[in-house]
Structures are given as C-alpha cells and as structure tokens.
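Per-entry structural report
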Amino acid sequence: MNIEKPEPSHADPTDIPFFRSAPERRGRVRGTFSMSPGSSDQPPVDLDAVRRRHAPPTPPPVEVVDHLGEQAGVEWGLVAAFRTLVANRLAQALGGDWHSRSVPTDGEPAAVARAAMTRQEQEAFGRTAIHELVRDHTADAVATGAEAWTPRQQALMEQATFNAVFRLGRLQPLVDDDRVENIFILGHHQVLLELTDGSRITGPPVADSDEELLDFLRFLANRSESNPRPFSESTPRLHLKLDGGARLAATAWVTSKPTVVIRRHRLRVDSLEGWVDRGCLSPAAANLLGAAVRAAWSVAVSGPMSAGKTTLMRALCSEIPRDEAIGTFETEYELFLEESGRHEIVIDWESRPGVGEVDASGRAAGAFELSDALSDSFRFALSRQIVGEIRGPEVWTMIKAMESGTGSLSTTHAANAEACIRKLVTCAMEAGSHVSRDLAVEKLAGCLNLVVQLHRRIDHQPDGTQILRRWVSEIAVVEPGEREKGYALTYIFGPSHDGPAQATGILPEQAKALAAFGFDPDLYQAEADGRGWRP
C-alpha cells in the first residue's frame, strides 16, 4: 500500500521552493526576488495536493460566471505570499512607504529621494514583479524535476496575484459579474450572491480561513492612498468605497464570524429619462422633479435598502445646470458626479474616521467630519451643497446645506414619505439633549421642499423566474403645518404600491411656480385626469 508523504506546511514563506536557493544552471539569469538563503531537498509545491488541503468543507459552489471556474487552478497560499513580496518590493521602490510621495527632507539632497509613482506606474511595476515571481517559481520547479506550471496556470497566478495586490483578490471576479448586485460574505466559506432579479445563489469561498479574510480586509482598509481606515478589535466596523464604485461594509469581533456586504451600483451615470424608460417613473413626475432641481428646491429621497436611492440621486443631479459649482459631502464616496462629465466643477468631500487618542470633545485624532467639510465649503464659491446618505446626526449637515438656499439633495432609509420626516427628526435629536422635537421639526419644515419615496418588490413569474422591480411610489411637498404636528405633506404623486405613482391633481401654489423652470402643468393635469400616461 502506498502511503503519501505529508505535505510540508507553508506557514513560513521560506518553505516554498521558490524562496530557497536552487542549483544554478548555465545560461539562466536568476530573478532579483529572494528570501533567506538555504537549500533543501523538498520538491516544489504540489498544486493538486495544496488544492485538496485547502478545499472547503462545503460542497462546491454554483459557478456564477465562466471565468470563476478558472480559480480552481490558483494556489491561494502562494498568492498570499506573492502579495506580501510585491507589496514589500513596491514599498522599497517608494522609499519605505507604499503610499508615500517622496520628497527630500531637510538637508537631504534631491538625488537621494525616491521618485514618486502614480497609480498606473505602481501597477506596471507590480505586473513586472509578479511576472518575475511566477517565472522564477516555474523555473525552480523545472530545476528540481517537479511538474511545472503550464502557460495558462502561470497567467492565472499572475492575474490572481495582481488582483490581490491592486484589486479585490478573490472577490474581483464576483464584483466584475454584471449579474451580481449584492455580495453577502458570512464567514470565509459562506458566500451568497444576490443577482439583479432579486434571486440568490451560492458563490465560491473568498478565503481559506476567517483569519485570512480579516487579513485581507485590513489590507484593503489600509491600501487607500487618500483615506485609509482602521479595522481592528478596537474598531470593529469598516465602511469603504472600492475601486469601480462598489461599497463595502464589514464587521468582525462583535459578530460570531467576519461578515461583509458589498453593494454594487450598476448605473454610475443615469437620468430621469432613463427612469421613465425603465418604467420606474411617470413622464409627468420626471418633468416636475427636473424642474424642482433646477429651481434649487431641497429634496430628500427615501426608501428601503437596495431600492435605488443613490441611483435616483444621480439622476436628479443630472438636472443641475452644467455651469453650477457642486460640492458633495459623503461618509463614503457613492455619487461620483465628477465622472458623469455633466458638470464643470465638482468638489467631493469624504469624511475620515479618526485614529488614535480621543480629545476632550470626544473626537479621535485625525477625524474629519461632514460638518467640518460643510464649514470649509462656504469658502469654495459653490452653487450646490449635496449631502449623501443620512443615518444619524449628520442630518444637521443636511439642514445647514438646505438652509443656505442653494438647493440640496440627500437620501435616507424610510418606508414612506411620512416616515421619512419622522426618521429625519429622530436623527436630528440624536445630536444631543439640546435638540428638541419641536426644533427639529421646525428646521425641517422650513428648509425641506420635497420627499421622493421609492418602493422595491420582487415579482414571481408563472415560469418560476422572478423580477426585481423598483419605482417612485410617492412625491410629497413639505410645508410648515399646524402647531401639534409641525409640518404638512401634500401628495402630488401617489402613493402607489403597484407601480410608478401617478399625478393626483393636487398642486400647491409653490409647485405651480416651477413652470418658470420647465414644469408642464398641462402634462401633469392630463396624467391626473387619465388622459395622459398610464402605468
């Protein structure tokens, strides 16, 4: 009976044959990458054995896209080792800090300082380094008589290592799949992919252990050149904008296993006309919303999670005249208005969590909050101040922006327009005991003009398939109201839970003034009377 020898552990990178000295062969030039010198009679990594050792205990996942199957040819232990080596090599090239932009220090001649690298130059440097690593590992396998990688395996290893250093590692193929809208990672081996039709399927594991997943999340959090973020036992939550515009939320140490949710925004550039074409908005509603934005009305977009609030925000922003200077204020970048090409001046602020000691005011060192950004923005000659998602006390940043009279836009989570006002009031009161309900209501009723409500529903078809539908279900004008309530809502569209909201025919006086900004009262009245568009 043949007994297989136990495979060597690769916890120490020096156990990998590539990182050991091999007999020199005539005519071959060795690469520049090396670890501590030494020799061993152990053969190079047996890929099939490594795959068996790292195989997840669960059944093989459903294949999502064709190229996901290619990941079976990747040895992830080696990818992790290669990632470390490439990162170290890149740090050396940048003078000891990957993110540094080297300049001479006092008394240091300019020739001593390392040359700065752009992101493109870093990636080019990384590809060269990765190619050398994979080439030399293959050469070592040949030198010791072991099975060498095929050209296809080499290409897979090179791309996997590049993704690990500069992209999202094993997550990259999932994020690249246009059918995937949300990615749920519940520990390293349980991955669920929510598709654009609302269905969910199983995805491949994204790490070989929870510790490896945490290590990669820390790597992502610290990789940002402009706004690195902490992720540790003392800071157990992470919110991060990923390359390509996806948004990552992660938590660990306060949950039973590391948990990650990645949300992809599939429509980076959108318009109100696009919402009408997709059956999410009536033509009259699109006409009124466009006029409201051009008239510098302040608008709150509310709805449940994954209802399309950010996408609708981009569509509303597309109605802002091109010559207006826009400032955006977000905890994590999501709007990306500068990428649309529709506006000449976009200044985008992103808050930054502090790291280190907390001062007497309770702020961590280095923290930069949205309120700080808004205060600074008044010196930037802006025409618009747009605050992103409202989840807590940042509602006061929204209120201040709206009170400036330039017309602001924000989003929040709420079930309907009435609940949206209550949610914003609650968020305002979280600022402290000095904020009463009456004060919060008075502020909101005085500066917020319009609430646009979104609805989300999955419709199951007779053939077993399903369709994810989103639409604007309510549009309400906000006004100061009776003393007891403090505000009043006039529903000019909807409510509707079956499809896009239709005109009600109830139009307040201030809404009629929108005719000067392109609002068509006849189109609105025709829809209200049933003579125009029908869902």
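Heads up: the structure comes first, above all this text.
As a starting point, this report considers the structure included with it. (Residues numbered from 1 in each chain as written. Predicted model: local features only at pLDDT ≥ 70, side-chain atom pairs only at ≥ 80, totals over all residues. Heavy atoms only, no water.)

1. A look at the packing of aromatic side chains
Stated formally: Whether two aromatic rings pair depends on their centres lying within 6.5 Å, for rings of Phe, Tyr and Trp, where Trp uses its six-membered ring; planes under 30 degrees apart make the pair stacked, over 60 edge-to-face, and the rest tilted. For the purposes of this entry, the term helix denotes a DSSP run of H or I that reaches at least four residues, the term strand denotes a run of E that reaches at least two, and both are numbered from the N terminus. The criterion for a charge sitting over a ring is simple: Lys NZ or Arg CZ within 6 Å of the ring centre, and within 35 degrees of the ring normal.
Scanning all chains against the criterion turns up seven aromatic pairs. A ring pair is formed by W349 and F380, whose centres lie 5.2 Å apart and whose planes are at 85 degrees; its orientation type is edge-to-face. In this pair, W349 sits in strand β9 (residues 345-350) while F380 sits in the loop between α10 (370-377) and β10 (384-387), placing the two residues 31 residues apart along the sequence. Ring pairing ties together the aromatic residues F329, W349 and F380, which thus form one cluster. Lying across the ring of F162, R127 places its NZ or CZ 3.7 Å from the centre. Above the ring of F184, the side-chain terminus of R200 is found at 5.1 Å from the ring centroid.

2. With respect to the sheet that holds strand β5 (residues 247-251)
Our working definition: Whether two strands pair depends on DSSP finding at least two bridges between them. Here the axes come from fitting lines to C-alpha atoms, over the contacting stretch only for helices, and the angles between their N-to-C directions go from 0 to 180 degrees. When checking whether two residues touch, look at their non-hydrogen atoms; a contact exists if any pair is within 4.5 Å.
With respect to topology, six strands assemble into an open sheet ordered β3-β2-β1-β6-β5-β4, the strand pairing being antiparallel. Whereas interior strands pair on both sides, the edge strands pair on one side only; in this sheet they are β3 (200-203) and β4 (237-241). Direction aside, the axes of adjacent strands within the sheet are offset by 15 degrees on average. Of the pairings in the sheet, the one linking strand β1 (residues 180-186) to strand β6 (residues 259-263) comprises five bridges and is antiparallel in character. Bridging from a neighbouring strand, N182 pairs with R263 of β6. Contacts from helix α6 (residues 210-223) reach β1, β4, β5 and β6 within the one sheet, and its direction differs from that of β4 by about 50 degrees.

3. What about the sheet that holds β9?
The three strands lie next to each other as β9-β8-β10, forming an open sheet whose pairing is parallel. Looking along the sheet, the strands with just one partner apiece sit at the ends: β9 and β10. Pairs of neighbouring strands in the sheet enclose a mean axial angle of 20 degrees, with direction left out of account. As defined by bridge partners, strand β8 (residues 325-330) adjoins β10 across four bridges and the pair is classed as parallel.

4. A look at helix α13 (residues 437-447)
The test is simple: Each residue is placed in one exposure class: buried if its accessible area under a 1.4 Å probe, protein chains only, is under 20% of its type's maximum, exposed if it is over 50%, and partly exposed if it falls in between.
Looking only at α13, the buried set comprises A440, V441, L444, A445 and C447. Where α13 is buried, its residues touch α11 (395-403), α12 (417-429), β14 (466-480) and β15 (487-493).

5. Focus on the pattern of salt bridges
If the charged atoms of two oppositely charged side chains come close together, the side chains can form a pair. Applicable threshold: Here, a salt bridge means any Lys or Arg side-chain nitrogen found within 4 Å of an Asp or Glu carboxyl oxygen.
Following the criterion strictly, the structure yields 29 salt bridges and no others. Linking D208 and R170 is a salt bridge whose minimum nitrogen-to-oxygen distance equals 3.3 Å. Placement of the pair is D208 in the loop between β3 and α6 and R170 in the loop between α4 (151-166) and α5 (172-176), with a sequence separation of 38 residues. Look at R170 and you get buried, because its relative accessible area is 12%.

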